[in-house]
Every structure is written in structure tokens, then in C-alpha cells.
Amino acid sequence: MNTINNIAIYCGASEGNNLKFKETTMQVGQWLADQGIGLVYGGGGVGLMGILAQATLDAGGSVHGIMPEELFKREVAYKGLTELEIVDNMSIRKARMLESADGCITLPGGPGTLEEASEAFSWAVIGDNSTPVTFLNVNHYYDSLINMFDEMTINGFLAETDRNKLFFSDSLDEIYAFMVSYTPPAVRTYHRD
């Protein structure tokens, strides 16, 4: 059983156009606080990122933001976080988020959100990330991505054992259960034909 003290959450710097995204993000903040789990996120005060930080803090939770200096200078940081860490660039931010967390949850978002979660999973496959990567599939938002990862497996680009290490669910309780029982994928080896 893994201990989950902090969870990194990837989500949009926009709210999206479906009220369910905002409502679920607020519920995630409440859930984190109720579980005594700290939030690690990108430090932003806009979109779902800001909603998540506010909901977590309002519920009495702790929030650790990690933001690259270029974004901090644009004044997009959420004011009033438990801790705000400023780093040199986005690559360092992504690495620090994984180092600071015991698991990752991906909420709806755009290309940046998808890139962060995909990188965390690809790092797991090559042995550079031991934390579980999950997607909270709000209102079927990630159904197409589920199909894409399944297609990667069917077509021989992703091992089935590795595909099983990436978890999609619309239930936070199921995601938590996956995280506490997670074992990282075996480090990928390469064979020449």
C-alpha cells in the first residue's frame, strides 16, 4: 500500500464551457482537504487552476504551487497559497511537481494539461517517474484519449502491461484506490529486429 500525502493535479488555465468542469474541480478541492492530502499544482490563479486552489484552501487544505518565472512575471500566480515555489522554466516545474507528489490526477484542460500528464506517463514507462498518473474523466471529456491509448496498444506502440498503469475514471475513490495499490511499470527495454 502506497501512502498518498500529496497529489499533483494538472488542469486548464481556462474554465472550459461546461459548468460540470468547474463543479467537479471544486469537489476535487474539497475531497483533497477532506482526505488530508496536499495539492501540488502549477500555481495559477486563473481558470480551473484558480478554482481548484481556492476550493482546496476554502476547505482547509494545503496548496503548493510551482510556477516558472516567466509566468510569475505575468502575474498569473494565485495569491494566498500555502506555498509558492518559483522555478526557472516549465521543464523544471514539471519535474518538481512529480518530485513533490505521490500521484497525479488530470482534470479537463488543453494542450498544456495533456502534455504534462502524457510526459509524466511516458517518464513512468522509461523509469523516470514512480508516481501513478490518472485522469478524472469528467463528463466523458477523456473518452477519445482512452481510445487513443488503446489504439497505441493494439498497434504495438504501447505494451499492454504499461497501458494498464494509466488509469481513467469518473470516481475519485477509484482513482485513490488505484494510487494506493500502484506499482510502477517495469523499466522499458528495447530490442532490435
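Our structure's up above, just so we're on the same page.
Quick notes on the rules
- Residues numbered from 1 in each chain as written.
- Predicted model: local features only at pLDDT ≥ 70, side-chain atom pairs only at ≥ 80, totals over all residues.
- Heavy atoms only, no water.
- Core = buried A, V, L, I, M, F, W, Y, C linked by side-chain atoms within 4.5 Å.
- Buried < 20%, exposed > 50% of the residue type's maximum accessible area, 1.4 Å probe, protein only.
- Helix = DSSP H or I, 4+ residues; strand = E, 2+ residues; numbered from the N terminus.
- Contact = heavy atoms within 4.5 Å.
- Pairing = 2+ DSSP bridges.
- Axes fitted to C-alpha atoms, helices over the stretch in contact; angles between N-to-C directions.
- Left-handed = near helix turned anticlockwise from the far one by under 90°.
- Salt bridge = Lys/Arg side-chain N within 4 Å of Asp/Glu carboxyl O.

A. Just the nonpolar core, in detail. Counting 27 residues, the largest nonpolar core has Ile7, Ile9, Val28, Leu32, Tyr41, Ile105 and Leu136 as the members making the most contacts within it. For this core, the secondary structure elements donating two or more residues are strand S1 (6-10), helix H1 (19-35), strand S2 (38-41), helix H2 (47-58) and helix H8 (172-180). By residue number, the principal contributor to this core is H2, which donates five residues. Look past the residues within four positions of isoleucine 105 in its chain and what remains in contact with it is Ile7, Ala8, Ile9, Tyr10, Trp31, Thr134, Leu136, Leu172, Ile175 and Met179. Ala120, Tyr142, Phe149 and Leu158 belong to the second-largest nonpolar core, a separate cluster that totals 22 residues.

B. Region of the structure containing the sheet that holds strand S6 (residues 133-136). Read from one edge of the open sheet, seven strands run S4-S3-S2-S1-S5-S6-S7, paired in parallel fashion. Two strands lie at the open edges of the sheet, namely strand S4 (83-87) and strand S7 (166-169), each paired on one side alone. Strand-to-strand, the axes of this sheet are offset by a mean angle of 25 degrees, without reference to chain direction. Summarising the sheet, S1 and strand S5 (residues 104-106) pair through three bridges and their orientation is parallel. Following the sheet pairing, alanine 8 is matched in S5 by cysteine 104. Its contacts with the sheet put H2 on S1, S2 and strand S3 (63-68), and the angle it makes with S2 is roughly 160 degrees.

C. Spotlight on the environment of valine 28. Relative to the helices and strands, valine 28 resides in helix H1. Valine 28 gets classed as buried once you look at its relative accessible area, which sits at 0%. Expressed as a C-alpha distance, the spacing of valine 28 and isoleucine 9, which sit 19 residues apart in the sequence, is 9.7 Å.

D. Inspection of the packing of H1 against H2 at higher detail. Relative to each other, H1 and H2 sit at 35 degrees, their axes nearing to 7 Å. Both H1 and H2 take part in a crossing whose hand is right-handed. Residues Phe21, Lys22, Thr25, Met26, Val28, Gly29, Gln30, Leu32 and Ala33 of H1 touch H2, and the partners they reach there are Leu48, Ile51, Leu52, Ala55 and Thr56.

E. Spatial organisation of the pattern of salt bridges. Considering all chains together, one arrives at eight salt bridges under this definition. In this structure, glutamate 70 engages arginine 74 in a salt bridge whose closest nitrogen and oxygen atoms are separated by 3.6 Å. With relative accessibility at 45%, the residue glutamate 70 sits in the partly exposed group. One salt bridge connects lysine 94 with glutamate 115, and the closest N-O pair in it is separated by 2.6 Å. With lysine 94 in helix H4 (residues 90-99) and glutamate 115 in helix H5 (residues 111-126), this residue pair connects regions lying 21 residues apart in the sequence. Residue classification places glutamate 115 among the partly exposed positions, given a relative accessible area of 35%. Because the salt bridges share partners, they merge into one network encompassing Glu85, Arg96 and Glu99.

F. Quick look at unusual backbone geometry. Here the phi dihedral of asparagine 139 falls at roughly 55 degrees; this positive angle occurs in a residue that is not glycine. With respect to the helices, strands and loops of the structure, asparagine 139 is situated in the loop between S6 and helix H6 (143-154). We classify asparagine 139 as partly exposed; its relative accessible area is 46%. Here histidine 140, not a glycine, exhibits a phi torsion of approximately 65 degrees, which is positive.

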